[in-house]
There are 2 protein chains.
Amino acid sequence: MPKAQITIKDIARELQVSVSTVSRALNDSPDLSAATKKKVQDYAKLHHYNPNFLALSIKKRESTIIGVIVPEVTHHFFASVVEGILEVADREGFSVLLFRSHEQYDKEVRSVQRLLSSRVCGVLTSVAKETTRYDHFQELVDNDIPVIFFDRICVDIPTNRVVIDDYAGALTATEYLINTGCRKIAFFCSPMHLEISKNRRGGYMDALRKHGLPVDHDLIKICDNYDDAIPVATEMLQSENKPDAFFAVNDETALGILHATKQLHFKIPDEVSICGFTDGFAAIASDPQLTTVGQNGFDVGVSAMELLLERIRYKGADAMLKNRIIRTKLIVRETTR
Amino acid sequence: MPKAQITIKDIARELQVSVSTVSRALNDSPDLSAATKKKVQDYAKLHHYNPNFLALSIKKRESTIIGVIVPEVTHHFFASVVEGILEVADREGFSVLLFRSHEQYDKEVRSVQRLLSSRVCGVLTSVAKETTRYDHFQELVDNDIPVIFFDRICVDIPTNRVVIDDYAGALTATEYLINTGCRKIAFFCSPMHLEISKNRRGGYMDALRKHGLPVDHDLIKICDNYDDAIPVATEMLQSENKPDAFFAVNDETALGILHATKQLHFKIPDEVSICGFTDGFAAIASDPQLTTVGQNGFDVGVSAMELLLERIRYKGADAMLKNRIIRTKLIVRETTR
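Residues numbered from 1 in each chain as written. Chains lettered and ligands numbered in written order. Predicted model: local features only at pLDDT ≥ 70, side-chain atom pairs only at ≥ 80, totals over all residues. Heavy atoms only, no water.

Q: Hey, could you go over the pairing of strand 8 (residues 245–248) of chain A for me, with residue numbers and the actual values?
A: All names here are of chain A. Of the two faces of strand 8, the one carrying Ala245 and Phe247 and the one carrying Phe246 and Ala248 are both buried. With four bridges joining them, strand 6 (residues 185–189) and strand 8 adopt parallel strand pairing. Each bridged residue has a counterpart across the sheet, and for isoleucine 185 the counterpart in strand 8 is alanine 245. Taken together, the three bridges between strand 8 and strand 9 (residues 273–278) define a ladder with parallel strand orientation. Paired with phenylalanine 247 across the strands is cysteine 275, a residue of strand 9. The handedness of the strand 8 to strand 9 crossover, carried by helix 11 (residues 251–263), is right-handed. (Buried < 20%, exposed > 50% of the residue type's maximum accessible area, 1.4 Å probe, protein only. Helix = DSSP H or I, 4+ residues; strand = E, 2+ residues; numbered from the N terminus. Pairing = 2+ DSSP bridges. Right-handed = clockwise from strand over helix to strand, strands pointing away.)

This is the structure in structure tokens:
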């Protein structure tokens, strides 16, 4: 074998694991076993795998600063994504300029303007809830700055994306509720102009249809935070049309529903089942512990950075539009039967 | 009155509130009432207060990029600090390069080297748990890059600092436990080379001494995360020397203790009281809801940025060493009597 630089693909072939597993092992992803990580890392070390090999080939004068705009930093999912991004950035010699839209259109536009004047080599972002116009992102693209959307994407701009399999996650969770005997499943979601809401609602509805259950629009609420979920769930649980299960777009909302359900002394999960979406620390801290769809934010961040680095390094490949889909995982705990 | 630029001090005097209140109102701090914020913001608007006035006076060629290194992004406290920093940065026209040490000395050193070569105009940081040598931070100072430590400070380097009143927070929490009848109070903390650990232990011990209770070193454990807290608390609760209360350095640890206590069917808070430190969302999601010391990370971030901007703008004032102390607040919920 010639003494060429060993690649991630070589390691994957040699150890008979997937390229993604090698990448995640080298990124120290929390979702792999310690044994697998050690095996890959030891092999990489032994064969002098140099993770900076490609980064070093970038022309010296080019920027190595990436811009990132997230809606909030304190939300577990976005914090996990940022950690994934920082992990790859550290390994590959890039730095990250971080902005927070605070879910506001104005702040998002201002962040993009700041990034335009900062000579960043690419932008990773998840759209603010308030945002319904996308000219500012188009301006980045028009200025040859590659943009990768993750989670809350913008369908109008043709660029690479990393999405959670929201549809499959919602479908699996709703089917699980149906298979454990729930028949009137309420759905609490974010505003419908967000692509993630449409996809999760699609999965929820298709699961109902697949099992011959009616779609009751009174059971679908635009409600996506802890404080609002308490009164909305309370009213539903006291109505004639009482649900026997709730599926919520995030853990905060699910935990607000849990709080309301306990206040009204319903038995969980026997009388009321609850399922969230995120899998943050609060899902474990709650009692009963929350069943939820794990979102794997760290891997979303790693994937988004990898897509961006590909775009930056192999400019010829720009035309190829890539969608990476990060799989969710239903984590059954104590709030479902 | 001459038509000079109105300052934060003018607003404070006119409305008879503190300068800090005005600053926090203009920063939209979550800890002020909506009424106070509106009053200050309306006055500022009416009198054409221009928050960018000073930022604009900075020489155009100087960097407006701040470096920030935090141990983790997914920890609620550090995420809140980052949000406070980003809020002021957005208002004052600065951008933030974010790094994460992941509690590792090597990564922290690498982040500092990246910042040194990025021409940042200042650095805000909280030291990694692993770090016991500080040469890398000294190098920043030697290169005339102002450094502000927050929370986990480095006492060896003479620079401005923003600290939580860890001593007072721990003293107040421990006294509350004593005043509600607890006599054998265990203390779970981080490694002792961290200044915050020393200060919190100091507050804990002084509270015991003040009330004539013995300091039992068997009740003090180096243990600061959810997973480790479960076996350690279980063993203590099954021993002859069973504590009747636990005080932990963060909410994760307190919630691990809560889990263990419930598994053993002790009545909370009657047989065992528990108090945390942070006040993240998990404290509200838990059942019973967690009594904890609120850390106010957002205000720590705002203060750290303000101190740094002062250093950058008024270079003559460099010699003046400032310590800003952010007050904690005991939030009594259901895990204490």
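Q: Describe helix 1 (residues 8–15) of chain A, naming the residues involved and giving the relevant values.
A: One turn of the α-helix equals 3.6 residues, which is why residues spaced by three or four share an orientation. All names here are of chain A. Residues Ile8, Ile11, Ala12 and Leu15 constitute the buried set of helix 1. Down the axis of helix 1, the sector holding all buried residues measures 100 degrees, keeping them to one side. Summarising the geometry of helix 1, the exposed residues directed more than 90 degrees from the buried face are Lys9, Arg13 and Glu14. Within two residues after helix 1, glutamine 16 carries a phi angle of roughly 55 degrees, on the positive side. (Arc of directions from axis to C-beta.)

Q: Lay out the packing of helix 6 (residues 105–116) of chain A against helix 7 (residues 135–142) of chain A with the relevant residues and their values.
A: Residues and elements named next belong to chain A. Two elements in contact, helix 6 and helix 7, have axes whose closest approach is 9 Å; the angle formed by their N-to-C orientations is 15 degrees. Taken as axis vectors, helix 6 and helix 7 run roughly parallel relative to one another. As helix 6 packs across helix 7, the resulting crossing turns out to be left-handed. Contact residues: helix 6 offers Tyr105, Glu108, Val109, Val112 and Leu116, while helix 7 offers His136, Phe137, Glu139 and Leu140. The residue inventory of the contact of helix 6 with helix 7, partitioned by class, reads six nonpolar, one polar and two charged. (Axes fitted to C-alpha atoms, helices over the stretch in contact; angles between N-to-C directions. Parallel < 35°, antiparallel > 145°, perpendicular 65-115°, else oblique. Left-handed = near helix turned anticlockwise from the far one by under 90°. Contact = heavy atoms within 4.5 Å. Nonpolar A, V, L, I, M, F, W, Y, C, P; charged D, E, K, R; others polar.)

Q: Can you break down the packing of aromatic side chains residue by residue, with the values?
A: Residue and element names in this part refer to chain A. Overall, the coordinates contain 14 aromatic pairs over all chains when judged by the stated rule. Taking 4.7 Å as the distance between ring centres and 20 degrees as the angle between the ring planes, the aromatic pair formed by phenylalanine 187 and tyrosine 204 counts as stacked. In this pair, phenylalanine 187 sits in strand 6 while tyrosine 204 sits in helix 9 (residues 195–210), placing the two residues 17 residues apart along the sequence. Side by side, phenylalanine 187 and tyrosine 204 carry an identical accessibility label, which is buried. Connected via pairs of aromatic rings, a cluster forms that spans Phe187, Tyr204, Phe247 and Phe277. Directly above the ring of phenylalanine 277 sits arginine 200, whose terminal nitrogen or CZ lies 3.9 Å from the centroid. (Phe/Tyr/Trp six-rings, centres within 6.5 Å; stacked < 30°, edge-to-face > 60°. Lys NZ or Arg CZ within 6 Å of the ring centre and 35° of its normal.)

Q: Report on the environment of Asp135(A), specifying residues and quantitative values.
A: All names here are of chain A. With respect to the element layout, aspartate 135 can be found in helix 7. The class for aspartate 135 is partly exposed, based on a relative accessible area of 45%. On a C-alpha basis, the gap between aspartate 135 and valine 109 in space is 9.0 Å, while along the polypeptide they are 26 residues apart.

Q: Just give me the short version of the sheet that holds strand 10 (residues 291–294) of chain A, but keep the residues and values in it.
A: Residues and elements named next belong to chain A. Taking strand neighbours across the sheet as the criterion, the six strands line up as 7-6-8-9-10-12 in an open arrangement whose pairing is mixed. Looking at which strands have only one partner, the edges of the open sheet turn out to be strand 7 (220–222) and strand 12 (329–331). Recorded for the sheet is a direction-independent mean angle of 20 degrees between the axes of neighbouring strands. Here strand 9 runs beside strand 10; their pairing, made up of four bridges, is parallel. Following the sheet pairing, glycine 276 is matched in strand 10 by threonine 292. Contacts between helix 9 and the sheet are confined to strand 6, strand 7 and strand 9, with strand 6 contributing the most and set at about 170 degrees to the helix. Sitting on the sheet, helix 10 (residues 226–238) touches strand 6, strand 7 and strand 8, and the angle it makes with strand 6 is about 160 degrees.

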